[in-house]
Amino acid sequence: MMFAAILFAWFHSGALPPGPFGHTARIACSVIDVTPSQLPGESEFTCETDDGAMLAVAARGMQPTAGTHLLVRGRFELFDGPRNPGEPDQRAIERERGIDGRLEGATILAALPSAPITPRIALAKVHAWAGDQLHARMSEPYASILAGELWGARGSLPPELHTEFQETGTVHILVTAGLHLGVVALLTLSLLRTCSVPRAWTCASAIAAVWIYAIFSGLHLPSLRAAIMASFALTARACGLAPLSWRAFAAAAFGVAVMQPYALGGASFALSFSCVGAIFLCADEILDFLEHFALPERVKEALTLTIATQLGTWPLTASIFLLFAPYAVIANLCVVPVVGITMLLGGVQLLLFAFPGIAQGIANVNSWILAWIVACVHTIATLPGASVPMTPPPAWTIAFYDACLALAVWCTRRKAASPAIAAVFIGITTAVAPPVFTHHRLRITILDVGQADGIVIQTPRGHTIVVDAGGRLERGGGTQSTAEQAGERVVVPFLRRAGVRRIDALILSHPHGDHAGGMAPILRAFDVHEFADSGQQYGGYAYNDALGTARYEHVPIVYPRAGMVWRTNDGVVLTFIGPSLPFIESDNTINDNSVAFVLQYKHFRMLFTGDAGVSAEQRFLNEGLDLRADVLKVGHHGSAYSSSPAFIAAVHPHFAIVSVGRHNMFGHPAPSTIATLQRAGAQVFRTDENGASFITTDGLSMVIQSMLPSQRDHAENSQDDTRG
């Protein structure tokens, strides 16, 4: 059945039709779910269009309510596939959620008369009503936690608390899945057994209750998988067979493949089935081991399930979330046993909404229990080493770990304890510290960080240099910045996935937020040897936070100047050509005094100029510098105020890479800049069209590639260039 499921999913998989990509239109849609936005004056929600498509909308204007029928104008786009190496496929993730596309830059034009009620709209109204009932009688974050338990609506949860749930391995209680459907099935069975209902009718009623609850929760992949598996288990029980078996496991996989073929192979599918598979594989052996301890039976059961699920899922969570939660077993042991109680009380509270006094009393009791959950999660999350950053294990190491775990169980059943321990140790070691294959080449990755710069240089012997770190422009100072949020979403995860543990040099070309955004997060997350700064004064929060973090982490701050040379022990040379003293005084002083340098490795040369404009370029030319380069990282995102014809002629690049955001408000890159580069014979790569670009060279030959082919001209995205 599992093999048939794989074939079925493969047959029905494939790319979504392109649709009106980039097309701006007016769309009538009904709001399904609202997510609080972190930006004032904006709202984020999902909506169902009048023709049945599901869209994610980021809009300016009023914050709508679920079920509202709106006229929205925006630019329709598909979700992105991976735009940087190792990134998750956002299109596949949203496809699992049933969302077909998004509206960017949207504006809510008007509220329309109510649309005909569809199942999605009806369910959205029910969820909105239930959420209002919870929030009317419970304070935050308890109402949001309970909404997450009951139907998976955790969007209102404070980001810090959501992070703590994730870091303690307990975020699964906020996703309606096997735990929650199991509670519903158990309550139904217990209630009907007390009424002496025949077993067949009891199981049939439990199946109906499970599916009703799964539909109420939105029928997402985890609840769908759990509902299918519970149905097989309850059917087997009704027939007098073993309720939990590998047959039910395989049947659930087949059922998911039939109902949601795109889900097979996704992160949610892998986590769901790894969790249940580990219980089937390891639970008996763990329970036998716990029999040696004088513990209550319920505690043994809880420990068995918790340990088994952690054994099955920790390599996947490390790969997906880039962290390992050492205290996950303890956290789940404290939290999971009370989830069923909070769900039951929450359900009763909703059913007794017509009796406000009783409903409020139940809510008060439930708040005490939810406060226990919050206290446990927060306390464990603040323990030393509660969250260990991880380099994601490669897929083959996860498969090898699973094989070692199965081998350990097989050995345990044959009373071979030593081989079992050895198998587990080898599997864990391989997943945590997989063999490192050194490529002995220079690799430069220009990340797609939107309207910003973020570049990672990895030398043949494993040195890492980061030049700028993404972000977004800041307006003034302040006490926080979205520049850091934008920077840390791409650059820090990329470094984690690349296996970087130490950064030899962190170079900030200039202090604007679209270059400094990820600096402080990198300084907090990695061991940084030195932080190179242009030395200019600027009031932006991201820049000053980076300086403060560097001082707090005792990272030396250095100020490269023209004429300085840095060398690594594997032949990479950085020759700085700017800034020079005195600083250039111009209309773009901060940009023109960017840190600029030529990177050379044997015969390969690449020029980095930050956001330096025409004034800085003229200074370089006047000083008679050797500006020749095989690759140019185009200055100032390809604006019309840089890349003058004389400068480009002096550089004479074979390839030019523009780091620029899609649909940016500045109109970058300027058509004149692209024309200048093309007249000079340079092939242009743009992050807005090509995603990330990466260069690999041994100093003699070079390969430059990009994540995506150009949407403009569908040009070849890989070229070889050999020099000697």
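Higher on the page you've got the structure.
Predicted, not measured: the structure shown is a model, and the values here were computed from it. (Residues numbered from 1 in each chain as written. Predicted model: local features only at pLDDT ≥ 70, side-chain atom pairs only at ≥ 80, totals over all residues. Heavy atoms only, no water.)

Colleague: Is there a simple way to think about helix α24 (residues 671-679) in this case?
Modeller: In an α-helix there are 3.6 residues to a turn, and that puts residues three or four apart on one side. Among the residues making up α24, those that are buried are T673, I674, T676 and L677. The arc that holds every buried residue of α24, seen down its axis, measures 160°, which confines them to one face. Along α24, exposed side chains directed more than 90 degrees from the buried face belong to P671, Q678 and R679. Looking at the buried residues of α24, the elements they touch are β20 (631-633), α23 (645-651), β21 (655-658) and β22 (683-686). A positive backbone phi angle near 90° is found at G681, which sits one or two residues after α24. (Buried < 20%, exposed > 50% of the residue type's maximum accessible area, 1.4 Å probe, protein only. Helix = DSSP H or I, 4+ residues; strand = E, 2+ residues; numbered from the N terminus. Arc of directions from axis to C-beta. Contact = heavy atoms within 4.5 Å.)

Colleague: Which parts of the structure should I look at to understand the sheet that holds strand β2 (residues 42-49)?
Modeller: With respect to topology, 5 strands assemble into a closed barrel ordered β1-β2-β3-β5-β4, the strand pairing being mixed. On average, each strand axis in the sheet is inclined to that of its neighbour by 55°, with strand direction left out of account. Pairing of strand β4 (residues 69-77) with strand β5 (residues 101-111) involves 7 bridges; the strand directions are antiparallel. Its bridge partner lying in β5, R75 is registered against E104. Its contacts with the sheet put helix α3 (residues 119-137) on β1 (23-35), β2 and β3 (54-60), and the angle it makes with β1 is roughly 45°. (Pairing = 2+ DSSP bridges. Axes fitted to C-alpha atoms, helices over the stretch in contact; angles between N-to-C directions.)

Colleague: Quick question: what am I supposed to make of the pairing of strand β10 (residues 464-469) here?
Modeller: In summary, the side chains of a regular strand alternate between the two faces of the sheet. Counting buried residues along β10, 6 of its 6 residues qualify, which places the element largely inside the surrounding structure. In terms of strand pairing, strand β9 (residues 454-458) meets β10 through 5 bridges, oriented antiparallel. Along β10, the bridge assignment pairs G454 with A469. Linking β9 to β10, which pair antiparallel, is a turn of 5 residues; within it G462 sits at a positive phi near 90°. Here 3 bridges tie β10 to strand β12 (residues 505-507), and the two strands are oriented parallel to one another. Paired with I465 across the strands is A505, a residue of β12.

Colleague: Mind showing me how you'd approach the nonpolar core here?
Modeller: A general tendency of soluble globular proteins is for nonpolar side chains to be buried together. Ranked by size, the top nonpolar core spans 39 residues in total, and within it L134, M138, I145, L150, F165 and I373 carry the most contacts. Those elements that provide at least two residues to this core are α3, α4 (142-151), α5 (159-167), α6 (178-194), α7 (199-216), α8 (221-238), α12 (328-351) and α13 (356-381). In contact with F165, not counting residues within four places along its chain, are I145, L157, T170, V171, I173, L174, I373 and V377. Core analysis: the second largest hydrophobic core is formed by 29 residues, A452, L506, V528 and L547 among them. (Core = buried A, V, L, I, M, F, W, Y, C linked by side-chain atoms within 4.5 Å.)

Colleague: Would you explain the pattern of salt bridges in this entry?
Modeller: When the charged atoms of two side chains lie near each other, side chains of opposite charge can form a pair. Counting across every chain of the model gives 20 salt bridges. Where D448 meets R83, a salt bridge forms, and the shortest distance between an N and an O atom there is 2.4 Å. Of this pair, D448 sits in the loop between β8 (442-446) and β9 while R83 sits in the loop between β4 and α2 (90-96); the two residues are 365 residues apart in sequence, bridging distant segments of the chain. The same class applies to D448 as to R83, namely buried. A salt bridge links K633 to D453, with the shortest nitrogen-to-oxygen separation between them at 2.7 Å. Remark: D453 occurs in the loop between β8 and β9 and K633 occurs in strand β20; sequence separation between them is 180 residues. Residue class for D453 comes out buried when judged on its relative accessible area of 1%. (Salt bridge = Lys/Arg side-chain N within 4 Å of Asp/Glu carboxyl O.)

All we've got here are geometric facts, nothing functional implied.
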